[in-house]
Amino acid sequence: MAYIGNSPANVGNYQIVDDIAATFNGVLTSFALTVSSSSITPAKSGQLLVGINGVMQEPDDTGTNGFKVSSSNIVFSSAPASGDTFWCVFQGQNVDIGTPSDATVGTDQLSATGTASSSTFLRGDNKWEAVPAGLPSQTGHSGKFLTTVVGTNKVFCKEAFSEEERMIYDAMSDFATNELLPLSKNELNKKDEKLIRKLVEQMGELGFLGVDVPEKYGGSEMTKTGMCILAEGISKSGSASFCTVWNVQTSIGSLGIIWYGNDEQKQRWLPGISSGEKITAFGLTEPEAGSDATNSKTTGVLSDDGKHYILNGQKIFISNGAWADLFTIALKIDGKFSSIVVEKGTPGFEIGKEEKKMGMEGSSTVPLYFTDCKVPVENLLGKVGEGAGPAFCALNIGRFKLGASSIGGMMLGIQQAVDYAKQRKAFGQYISDFGSIQEKLATCTVLAYTTDSMCYAVIGNQTDAISELDKDDPEYYIKQGNITERYIAENSIVKIYGSESSGELIDHCLQVFGGYGFIRRHQ
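Note that the structure is predicted; figures quoted are calculated from it, not measured.

Focus on the overall build of the protein chain
A count of helices and strands for the protein chain gives 10 helices and 23 strands. Taking all 523 residues of the protein chain together, 50% fall into the buried category. For the protein chain, restricting intrachain contacts to residue pairs at least 6 apart in sequence, the fraction spanning at least 24 positions comes to 72%. Looking at the protein chain as shown, the accessible area adds up to about 24000 Å², and 52% of this sits on carbon and sulfur atoms.

Let's talk about the pattern of salt bridges
Evaluated as defined, the whole model comprises 10 salt bridges. The salt bridge involving Asp-452 is made with Lys-158; its shortest N-O contact spans 2.5 Å. Note that Asp-452 is positioned in helix α8 (residues 435-467) and Lys-158 in the loop between β14 (127-131) and α1 (163-180), a separation of 294 residues in sequence. The pair Asp-452 / Lys-158 is uniform in exposure class, with both members buried. One connected set of salt bridges, linked through shared partners, spans Lys-158, Glu-232 and Asp-452.

Quick word on the nonpolar core
Residues Met-203, Phe-242, Leu-311, Ile-340, Val-342, Phe-400 and Tyr-456 are the most contacted members of the largest nonpolar core, which totals 86 residues. The element contributing the most residues to this core is helix α7 (residues 388-421), with 7 residues. Leaving out residues up to four positions away in the same chain, Tyr-456 has contacts with Phe-156, Cys-157, Lys-158, Phe-161, Tyr-169, Cys-228, Ile-229, Glu-232 and Ile-407. Counting residues in hydrophobic clusters, the runner-up holds 15 residues, among them Met-410, Ile-431, Leu-447 and Cys-509.

Considering unusual backbone geometry
A positive phi is found at Lys-191, a non-glycine position, where the angle reads about 55 degrees. Secondary-structure assignment places Lys-191 in the loop between α1 and α2 (193-205). Of note, the phi angle at Phe-427 is positive, near 55 degrees, even though the residue is not glycine. Take Phe-427: it is sitting in the loop between β22 (425-426) and β23 (429-430).

Considerations on the packing of α7 against helix α9 (residues 476-486)
Packing of α7 against α9 brings their axes to within 9 Å, and their N-to-C directions diverge by 60 degrees. As far as their axial angle goes, α9 and α7 are oblique. Here the hand of the crossing between α7 and α9 comes out left-handed. Listed contacts from α9 to Phe-392, Cys-393, Asn-396 and Ile-397 of α7 are Gly-481, Asn-482, Thr-484 and Glu-485. For the contact of α7 with α9, the class distribution of residues is 3 nonpolar, 4 polar and 1 charged.

A word on the side chain of Thr-250
Within the element layout of this structure, Thr-250 appears in helix α4 (residues 240-250). In this structure the side chain of Thr-250 is engaged in a polar contact, spanning 2.9 Å, whose partner is the backbone oxygen of Trp-246. In contact with Thr-250, other than residues within four places in its own chain, are Phe-208, Leu-209, Val-211, Asp-212, Leu-255 and Lys-401.

Describing the side chain of Ser-235
With respect to the helices and strands, the residue Ser-235 is situated in the loop between α3 (224-234) and α4. Of the polar contacts made by the side chain of Ser-235, one reaches the backbone nitrogen of Gly-409; its length is 3.2 Å. Look past the residues within four positions of Ser-235 in its chain and what remains in contact with it is Cys-243, Ser-405, Ser-406, Ile-407, Gly-408 and Gly-409.

Details of the packing of aromatic side chains
Counted under the stated rule, the structure contains 9 aromatic pairs. Ring centres of Phe-161 and Tyr-456 lie 5.5 Å apart, and the angle between their planes is 65 degrees; on these two criteria the pair is classed as edge-to-face. One end of the pair, Phe-161, is in the loop between β14 and α1; the other, Tyr-456, is in helix α8, with 295 residues separating them in the sequence. Residues Phe-337 and Phe-392 carry aromatic rings whose centres are separated by 5.6 Å and whose planes lie at 5 degrees to one another, so their mutual orientation is stacked. You can see Phe-337 sitting in strand β19 (residues 336-343) and its partner Phe-392 sitting in helix α7, a full 55 residues away along the chain. Residue Phe-337 is classed as buried on the basis of its relative accessible area, which comes to 10%.

Some points on the environment of Ile-478
Position of Ile-478 relative to the elements: it lies in helix α9. Each C-alpha atom, one on Ile-478 and one on Gly-389, is 8.1 Å from the other, the two residues being 89 residues apart in sequence. Excluding anything up to four places from it in sequence, Ile-478 contacts Trp-259 and Tyr-260.

Section: the packing of α8 against α9
Where α8 contacts α9, the axes come no closer than 10 Å and their chain directions differ by 150 degrees. Relative to α9, the crossing made by α8 is right-handed. Of α9, the residues touching α8 (which contributes Gln-462, Ala-465 and Ile-466) are Tyr-476, Gln-480, Ile-483, Thr-484 and Arg-486. Looking at side-chain class alone, the contact of α8 with α9 contains 4 nonpolar, 3 polar and 1 charged residues.

Comments concerning helix α6 (residues 263-275)
In this model α6 runs 18 Å from its N-terminal to its C-terminal C-alpha over 13 residues, within 8% of the 18 Å that 1.5 Å per residue would give. Residue Trp-269 marks the point of greatest curvature in α6, where the axis turns by about 35 degrees; the proline Pro-271 follows within four residues. Buried within α6 are the following residues: Gln-265, Lys-266, Trp-269, Leu-270, Gly-272, Ile-273 and Ser-274. Between the side-chain oxygen of the N-cap and the backbone nitrogen of Glu-264 there are 3.2 Å, and the N-cap of α6 in question is Asn-262. Phi turns positive one or two residues past the end of α6, at Gly-276, with a value near 95 degrees.

What counts and how
Residues numbered from 1 in each chain as written. Predicted model: local features only at pLDDT ≥ 70, side-chain atom pairs only at ≥ 80, totals over all residues. Heavy atoms only, no water. Helix = DSSP H or I, 4+ residues; strand = E, 2+ residues; numbered from the N terminus. Buried < 20%, exposed > 50% of the residue type's maximum accessible area, 1.4 Å probe, protein only. Contact = heavy atoms within 4.5 Å. Areas by Shrake-Rupley, 256 points an atom, 1.4 Å probe, with all protein chains shown as cover. Salt bridge = Lys/Arg side-chain N within 4 Å of Asp/Glu carboxyl O. Core = buried A, V, L, I, M, F, W, Y, C linked by side-chain atoms within 4.5 Å. Axes fitted to C-alpha atoms, helices over the stretch in contact; angles between N-to-C directions. Parallel < 35°, antiparallel > 145°, perpendicular 65-115°, else oblique. Left-handed = near helix turned anticlockwise from the far one by under 90°. Nonpolar A, V, L, I, M, F, W, Y, C, P; charged D, E, K, R; others polar. Polar contact = N/O pair within 3.5 Å; in protein donor to acceptor, adjacent residues only side chain to side chain. Phe/Tyr/Trp six-rings, centres within 6.5 Å; stacked < 30°, edge-to-face > 60°. Expected span 1.5 Å × (residues − 1). Bend = angle between axes of the 7 residues up to and from the residue.

See the structure below:
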């Protein structure tokens, strides 16, 4: 709750001092002030848009957008005139009420309007009125690109890689090309657990598994940009099956522990996850709970002695399931959606038979069964009823990685199609000279370029937002997960566009190869 009034108070991250008042309930998305004075210097707290008279901009360091970031303040490059309307549009997270020193506003007459996810009550000229819910804020920052003026924000791309990021890119690309690609045609399609564990441990030694794990728990703790680099790089292996192993290990199988686990849980499990000694899996989907994940029928009941949760239920389509040592399981406890970690070999826990899939033959996909399975209460992530964070925030990053993991494979497909077109002759000339082949290769290039650009732009925004967090904050990792949730729309778009573009590109490349493209031995 925040107030605008005669005494210093804050609305969002802005202190307003004047003779009007407002109470904001729920999630604040925007508010406006009609300025009768030019003495406004609001402080910046996180990314936001500001503007005058409906022209929205994001502050930068130069002031070219009309607002300059100076120290902790946003300063107007040109002072607003009397009667101008000053807007602040927030990312949509819960309002952060700061201290009275956050900012100052002139004490001349102001009036305010605003919107929030629930009711907003405003008083101007001693009259209260209810303002209907305004901008959608259920997903926070999600979809901001729809309302952002093109060219007002910095866009991250590969050309902006730091030296460390270039080293990560080269290291993962080399590993995928030299260690995994030679195995992609046969060995990685055989569900060979011994081989999978060997390769996973190799990746652990290189720091490719602990991308989000704090160093104190044996991880490499890279930025989200580094995570995207690894996702692209591993897909140069040519094996969607092994990409799945890595993706689960570093996202849905471990992020719940990283972000929501307590110190004892992190010390217990994260070193093994980072080294590759422990393979992870994530159990959410059930026969009657797919997209409707919170409709889970798997239950946990506290034992009479209070030491265990007794699990009963079933999960299906669980990636890494046959090989995993640790499973993050979504379930209902006392009717509340929760998350708990189940270790392989726990009495009452059974791993079902491998599913026979139409693709990704080398990845493990199995059902899980819980029959009076006794899981220590210490394995619960967070509290009872707090399962949404470990489940859905991890899924959000998992979606992004699926899209990013298409980049390397798309580039590999283009390279192989180009090489073939430049050596295959028809009608006395190389087929690379034919317009129809050139058009297919050009379309493939466009698809790869747009996927690449989208992935790094989206993850760059999340990396910047996370960089503003205080790493000493006890809730630092929970807030990391919350930031990724604010980009749920963008991460989902990356997944859809990346996977569908990859499918279209594969078809174009197959057509370049002609009949050979359909012959397995010609891969």
